[in-house]
Amino acid sequence: MSRDCSVEKYIENKDRYTTIDVRSPGEFAENHIPNSVNIPLFTNEERAVIGTIYKEKGQRVAKWKAMEVVSPKIPDLLSQIQKIEESGREPMIYCWRGGMRSQSVTLFAELAGLHIRRLAGGYRAYREYILEQIPGLIPEESVVITGMTGTGKTEILHMLKKAGYPVLDLEKYANHKGSVFGAIGGETPHNQKMFDALLFEDLVEIQNSPYFIMEGESKRIGHAVQPQELAEQKLKGLHITVYSSIEKRVERIFDQYVKPYEGSSSFHERVELALSMIIKRVKSQDVRTELLRCVKERDYKVLIQLLIEEYYDPRYGNKVTDYENPEVLVCSDSITEATNEIVHIIEQSRKTKIEV
């Protein structure tokens, strides 16, 4: 038996469900409800063929072709859904807008005696709902961690999140590290829809907290833009700036951006491309020549130090003036010690607010 479920009811009880996205793998890769399983009715190629038939020959012919394509797949589709039901989770089927694809899979499942739900309105309804909810879920106070490239801001955020503090990790939502070298490892940045969905998930998790912690990111991160309400809240927050020695910064950036990927055949080409996008902004011709030498000879540590000193620090050093509150400085040569100091600063700030 199947029953339609509103997006709001799904969100309230989502720990009960495993959402099943029956759209094509390509659609799923573009955007989906976080933690969903993709059990596609059509492959990317099959969807394209059926779409062409629909345009050229009409709905009736396209439906017949779809039936021919799907019929041999039905036992395997139902088997995958049955395994989810047997795991103790309730299957929740959705497609783009709660149309024919989710209806068809639901019908097959009903005939097989499976107990499933269908998300009313599909992914489109889910997206409309979360966009309405996001502004109201943002806590009223913020703690913003800023600092130059390589000072360990992301590592500190991860430690704070692991310790149970209310962290919003914008780089994770964007699947991008927030600079022209942010996708240097070859990862595909998330689009706006995926960014919003991941942000919403974490906002729901921290909705009872009076504050949240975030990195002082630019409004645009990779292919996504953070909500205006979040960007404005950032400027009013408790402002903590971390700083570190140049040696530590070079070491961290090398470990994060180079070491995991330098064995990849395409890594060097991605470095060349990223550098080509910014080298004209480096004022000194001598420095530009040295940067090109570093890339050619794969002298990545010298390249990193030059970029820090000649591009990133001069370019982003004035952004601290954007914040309303004075910065509190924390040395991050040791990530653990810096995290502990930031925890102390936050706790003292919260204590002061409560006493007032």
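Residues numbered from 1 in each chain as written. Predicted model: local features only at pLDDT ≥ 70, side-chain atom pairs only at ≥ 80, totals over all residues. Heavy atoms only, no water.

Engineer: Explain the overall build of the protein chain to me, please; I cannot follow it from the model alone.
Structural biologist: Of regular secondary structure, the protein chain possesses 16 helices and twelve strands. Principal axes of the C-alpha set define a box for the protein chain whose edges measure 65 × 60 × 35 Å. The buried share among the 356 residues of the protein chain stands at 46%. Of the roughly 18500 Å² that the protein chain leaves accessible, carbon and sulfur atoms contribute 51%. The positive charge centre, built from 48 side chains, and the negative charge centre, built from 53, are 6 Å apart in the protein chain. (Helix = DSSP H or I, 4+ residues; strand = E, 2+ residues; numbered from the N terminus. Buried < 20%, exposed > 50% of the residue type's maximum accessible area, 1.4 Å probe, protein only. Areas by Shrake-Rupley, 256 points an atom, 1.4 Å probe, with all protein chains shown as cover. Lys, Arg positive; Asp, Glu negative; His and termini not counted. Charge placed at Lys NZ, Arg CZ, Asp CG, Glu CD.)

Engineer: Would you explain helix α8 (residues 153-162) in this entry?
Structural biologist: Helical geometry: 3.6 residues make up each α-helical turn, so side chains three or four residues apart lie on a common side. For α8, the set of buried residues is Lys 153, Thr 154, Ile 156, Leu 157 and Leu 160. Along the axis of α8, the buried residues cluster in a sector spanning 160 degrees; they form a single face. One or two positions beyond α8, positive phi appears at Gly 164, with a value near 100 degrees. (Arc of directions from axis to C-beta.)

Engineer: Just to check I follow, could you spell out the side chain of Asp 169 for this structure?
Structural biologist: Assignment of secondary structure puts Asp 169 in the loop between β7 (167-168) and α9 (170-174). Within the structure, the side chain of Asp 169 is placed 3.1 Å from the side chain of His 158, a separation counted as a polar contact. (Polar contact = N/O pair within 3.5 Å; in protein donor to acceptor, adjacent residues only side chain to side chain.)

Engineer: What exactly am I supposed to notice about the pairing of strand β2 (residues 17-21) here?
Structural biologist: As a general feature of sheets, a regular strand has side chains that alternate between the two faces. With five of five residues buried, β2 lies mostly within the body of the structure. Side chains Tyr 17, Thr 19 and Asp 21 project from β2 onto one buried face, and the interleaved Thr 18 and Ile 20 project onto a second face that is buried too. Direction of pairing for β2 relative to strand β4 (residues 90-94): parallel, over a ladder of five bridges. Bridge pairing links Ile 20 to Ile 93 in β4. Pairing geometry for β2 and strand β3 (residues 37-38), over two bridges, is parallel. Along β3, the bridge assignment pairs Asp 21 with Asn 38. As for the winding sense of the linkage, the β-α-β connection from β2 through helix α2 (residues 25-30) to β3 is right-handed. (Pairing = 2+ DSSP bridges. Right-handed = clockwise from strand over helix to strand, strands pointing away.)

Engineer: Mind showing me how you'd approach the pattern of salt bridges here?
Structural biologist: Any two side chains of opposite charge can pair if their charged atoms end up close together. On inspection of all chains with the given rule, the structure shows 19 salt bridges. The residue Glu 215 makes a salt bridge to Lys 153 at a minimum N-O spacing of 3.8 Å. Of this pair, Glu 215 sits in strand β8 (residues 211-215) while Lys 153 sits in helix α8, and the two are 62 residues apart along the sequence. Here Glu 215 and Lys 153 have matching classes, each one buried. Residues Asp 299 and Arg 293 are paired through a salt bridge, measuring 3.2 Å at the closest nitrogen-oxygen approach. Among the charged side chains, a network of salt bridges with common partners joins Glu 290, Arg 293, Glu 297 and Asp 299. (Salt bridge = Lys/Arg side-chain N within 4 Å of Asp/Glu carboxyl O.)

Engineer: Would you take a moment to explain helix α13 (residues 267-278) for this structure?
Structural biologist: Taking 1.5 Å of rise per residue, twelve residues should cover 16 Å, and α13 covers 17 Å from first to last C-alpha, within 8% of that figure. Among the residues making up α13, those that are buried are Phe 267, His 268, Val 271, Ala 274, Leu 275 and Ile 278. The buried residues of α13 occupy an angular sector of 125 degrees when the element is viewed end-on, so they sit on one face. Buried residues along α13 sit in contact with α12 (246-258), α14 (285-297) and α15 (300-316). (Expected span 1.5 Å × (residues − 1). Contact = heavy atoms within 4.5 Å.)

Engineer: What is the right way to read the nonpolar core from this model?
Structural biologist: Nonpolar side chains in soluble globular proteins tend to be buried together. Counting 37 residues, the largest nonpolar core has Tyr 126 and Phe 200 as the members making the most contacts within it. At the level of elements, α1 (7-12), β4, α7 (122-137), α9, α10 (192-205) and β8 are the ones that each hand at least two residues to this core. For this core, the leading source of residues is α10, giving eight residues. Setting aside chain neighbours within four positions, we find Tyr 126 in contact with Val 7, Ile 11, Ile 33, Pro 34, Leu 119, Ala 197, Phe 200 and Glu 201. (Core = buried A, V, L, I, M, F, W, Y, C linked by side-chain atoms within 4.5 Å.)

Engineer: Sorry if this is basic, but what is going on with the side chain of Glu 27 here?
Structural biologist: Positionally, Glu 27 belongs in helix α2. In this structure Glu 27 touches Arg 47 and Arg 101, once residues within four positions along its chain are discounted.

Engineer: Honestly, the sheet that holds β8 in this entry has me stumped. Any pointers?
Structural biologist: The strands making up a sheet associate through backbone hydrogen bonding, with each pair oriented either parallel or antiparallel. Strand order in the open sheet formed by five strands is β7-β8-β6-β11-β12, with parallel pairing between adjacent strands. Only two strands of the sheet have a single neighbouring strand rather than two, namely β7 and β12 (327-331). As paired strands, strand β6 (residues 141-147) and β8 are joined by five bridges and run parallel to one another. If you follow Ser 142 over to β8, its bridge partner there is Phe 212.

Engineer: What exactly am I supposed to notice about the state of the cysteines here?
Structural biologist: Two cysteines whose sulfur atoms are joined by a covalent bond form what is called a disulfide. One pass over the full model with this rule turns up zero disulfides. Its sulfur unpaired, Cys 95 is 15 Å from the next cysteine sulfur, which belongs to Cys 5. Since its relative accessible area comes to 3%, Cys 95 is described here as buried. (Disulfide = S-S within 2.5 Å.)

Engineer: Explain unusual backbone geometry to me, please; I cannot follow it from the model alone.
Structural biologist: A negative phi angle is the norm for most residues apart from glycine, just as the trans form is the norm for most peptide bonds. Its identity is not glycine, yet Asn 35 carries a phi of approximately 70 degrees, on the positive side. In this structure, Asn 175 takes a positive phi of about 50 degrees despite not being glycine. Tracing the backbone shows Asn 175 in the loop between α9 and α10.

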